[in-house]
Amino acid sequence: MDFSLSEEQTLLADSIEKFVQNDYPFDARQKLVKSDQGFSSENWATFAELGWLGMPFPEADGGFDGGAVDSMIMMEQFGKGLIVEPFLANVVLAGGALKIAGSKAQKERYLSGIIDGTVQGALAFAEPQGRFNLADLTTTASGSGAGFVLSGYKCVVLNGPAADFLVVSARTSGGQRDQTGVSLFLVDSDADGISRRDYPTVDAFRASEITFTDVQLDDTALLGELGGGLTIIEQVIDEGILAVGSEAVGCMEVLYKATVEYCKTREQFGQPIGKFQVLQHRMVDMFMEHEQSKSLMYMAAMRVDEGYGAEAQKAISAFKVQVGKSGRFVGQGAVQLHGGMGMTDELNVGHYFKRLTMIDTLFGNVDFHLKRFGSL
Amino acid sequence: MRGDSNPEAAAFADEIRTFIQRHWRNQGLAPQRRASAEFMSALVKQGWSVPDWPVAEGGTGWTHGQRYLFERELALADAPALDFFAANVLGTLLLDAGTSAQRDLHLPLIRENRARWCVHPSIWGAAPLIACDPTGNASEIRFENCAIGCDGAAGAHWLAALVAIEPDQSSLVLIPLDRTEVQAGLPPDRDQIIFDDLVLTAASILGREGAGQMLVEAALARARSLPWARIPRCRSALQRVMVLVADHPDLDQASRGSFKTRLAALEIELLGLDILEQRIAVAAGELSAEAIMVRIKSRELSTEIFTLMIEVLGYYALPDPDPLNLDNEGPIGGRYSQGAIEELFRYVGGLETMTERDQIAALKF
């Protein structure tokens, strides 16, 4: 195996790292979290200018032909900075669906806007009763003339408040949990019949509950084949897992290093607490959890780049399990070793902890992916 | 970053794999000792039994990366590992510090796999043996009417031990077990060595008198820094448990499901660690925090794997297999002669993860 990065990949990592260090200090991040939009349009324009928004997309679509390893590099750096700009929702999820299944016209209408930063998207797939089962859908799209009528309810739609368009999964045939009969639709957010309730999430992002009441769609709204939506959304979600998992690896690195530094300076019982063997061993364990997650991150990215299939799915589930367990351990350990300060809003530790904890919940938790891994 | 190997590494791995396929049948649950001995003979004939020795002494001249690939292919095939102590600890000590008589006697035996070594716990850090010296004759090392416990005594030809000659000083002594004054590994206690009145001369001491501990510690550190493919070994052990769970006639559905979930969790940990071990395999010989981490995790996970194996075996974990039975037949049949408790004991006993965590802390923090 070859674990080296190309020159371009090293430059990509360095440029994001520099942005995080110079332009994204923690207090600036906190101001963005408390702002109306929840992220910075200026930063978003910078991302577009630097080509980051186009990285995962083919050159033919206006992108930079980046693969899974490139996405991994970007998300790991974003994780270190605890970036709140909606890269996951726009580029990985909504953009990912278009990349896999969009027609030329659909890509021109939506994807080019994602790449140049002028359009925001969101993937509306989760429903309250479905938990992590992507096929468990009560939202339906029934045929109407040449188009469809969309009705239903989607929960926790990431970037829902800012989205100009939505990628919506709906049942076009079959029973509520059937593996066939799921389709994807591109829906303008301001279409008649859509109502939204927006809210912040505990890990500093924004999401919406969205109700669709007889929303009229023409046939150009169908993304991919009728009834072929489940395989598309499974791949999109798997790429989403690689993205948030990589973000988590970045978060873990910041947390364990910050914990080491803190323990070197905080004195109690006459010496820096980092000199106590028990705490040293806790920090060693945090380091080991991070290393294991990093290794599985490399494996998952390489498998996806070799071609999306059962091997890649298995690698992704393995990565998600590891990140869930390790993220919990490192996050909780960092809070505990920082003592009371780890609980405050002013220190970044608690925010990394919350993000890591939520990443475990996103797209299937440890338990879910352990079962999935075993079944593949 | 790519998942496939470079062409030279792939070709080397293929060569090793082809050899293994020709000479080793994967035994599944209970590798038979007879087949293991035959495989070791094939390695000897191929000239691969002591790869880390100088080429002039029978070594292979492989690079660090090739050495890792060799270990990895052996491990993935669940083929017998090279003898860690004889080939890599004792062999190096003999080459560096042995007398010509010692080298002439022992090196061919080790190279040709013709001698079995029993390793006293003092080599791994326990207290040294105390030799008697009632006559005050400093040139003698005497073991008089004493018994010691030593894993692997049954069938062994030699015992390696640190022997205390002065307070705080010990020598590395090579003790023959085929003498009439010695009874090694006889029933009922296969791990006991009884000395009647064994007298050895200073010619049995390897290296400088009194410097035994220092020599052994240096040789162990060097041997441990070799690329041992620890994680693929764990994966093969896990594979045995998976086969056991799949084939076990007495497991009910619920138990089988529960075991499968635990196996999946272990498999995932090993996948990540395998990648980590490959990442560090290219960093030849460096003692890094990551390398120590792999040692810690391989022992911790091996402990979990063999604990799980014992759980799956149920009552069949109880019979104590006959260590000298080459066909694994006693006492209840070859399929269940796992020796799982012995493997578990070995990993739990070697679980010095606190010291190794201290080492990581010193390196990283």
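The structure we're discussing is the one just above.
Residues numbered from 1 in each chain as written. Chains lettered and ligands numbered in written order. Predicted model: local features only at pLDDT ≥ 70, side-chain atom pairs only at ≥ 80, totals over all residues. Heavy atoms only, no water.

Details of the nonpolar core
With 148 residues, the main nonpolar core has Phe78, Phe87, Leu88, Phe165 and Phe363 of chain A together with Ile360 of chain B as its most contacted residues. In terms of residue count, helix α7 (residues 229-265) of chain A provides more of this core than any other element does, 18 residues in total. Not counting residues within four places of it along the chain, the set of residues in contact with Phe363 of chain A comprises Leu88, Leu93, Phe125, Phe132, Ile237, Gly240, Ile241, Val244 and His369 of chain A. Residues Phe85, Leu109, Trp117 and Leu162 of chain B belong to the second largest nonpolar core, which totals 27 residues. (Core = buried A, V, L, I, M, F, W, Y, C linked by side-chain atoms within 4.5 Å. Buried < 20%, exposed > 50% of the residue type's maximum accessible area, 1.4 Å probe, protein only. Helix = DSSP H or I, 4+ residues; strand = E, 2+ residues; numbered from the N terminus. Contact = heavy atoms within 4.5 Å.)

Comments concerning the sheet that holds strand β3 (residues 140-149) of chain B
Residue and element names in this part refer to chain B. Sheet architecture is open: three strands sit in the order β3-β7-β6, paired in antiparallel fashion. Looking along the sheet, the strands with just one partner apiece sit at the ends: β3 and β6 (182-184). Going across the sheet, the axis of each strand differs from the next one's by a mean of 20 degrees, ignoring polarity. (Pairing = 2+ DSSP bridges. Axes fitted to C-alpha atoms, helices over the stretch in contact; angles between N-to-C directions.)

Quick notes on the packing of helix α5 (residues 87-101) of chain A against α7 of chain A
All names here are of chain A. Following both chains from N to C, one finds α5 and α7 inclined at 145 degrees, their axes separated by 9 Å at the closest point. Judged by the twist between their axes, the crossing of α5 over α7 is right-handed. Seen from α5, the contacting residues are Leu88, Val92, Leu93, Gly96, Ala97, Lys99, Ile100 and Ala101; seen from α7, they are Ile232, Gln235, Val236, Glu239, Gly240, Ala243 and Val244. (Left-handed = near helix turned anticlockwise from the far one by under 90°.)

Examining the interface of chain A and chain B
Facing the 35 residues of chain A at the interface are 30 residues of chain B. At the boundary of chain A with chain B, total buried surface from both sides reaches about 3100 Å², with 68% on carbon and sulfur atoms. For the interface between chain A and chain B, the tally reads four salt bridges. Notably, a salt bridge pairs Glu291 of chain A with Arg279 of chain B, separated by 3.4 Å at the nearest N-O pair. Counting the contacts that link chain A with chain B gives 11 residue pairs in polar contact (both at pLDDT 80 or more). Secondary-structure elements contributing two or more residues to the side of chain A that touches chain B are α4 (68-81), α7, α8 (277-306), α9 (310-337) and α11 (366-375) of chain A. Of the residues forming the side of chain A that touches chain B, the biggest block, 18 residues, is contributed by α8 of chain A. Among the residues forming the side of chain A that touches chain B, the class breakdown is 19 nonpolar, seven polar and nine charged. (Buried area = accessible area lost by both parts, 1.4 Å probe. Salt bridge = Lys/Arg side-chain N within 4 Å of Asp/Glu carboxyl O. Polar contact = N/O pair within 3.5 Å; in protein donor to acceptor, adjacent residues only side chain to side chain. Nonpolar A, V, L, I, M, F, W, Y, C, P; charged D, E, K, R; others polar.)

Notes on the environment of Trp158 of chain B
All names here are of chain B. Tracing the backbone shows Trp158 in strand β4 (residues 158-166). The class of Trp158 is buried, set by a relative accessible area of 15%. Every residue in contact with Trp158, bar those within four places of it in the chain, is listed here: Leu105, His106, Leu109, Ala115, Arg116, Trp117, Cys118, Leu174, Ile175, Pro176 and Leu177.

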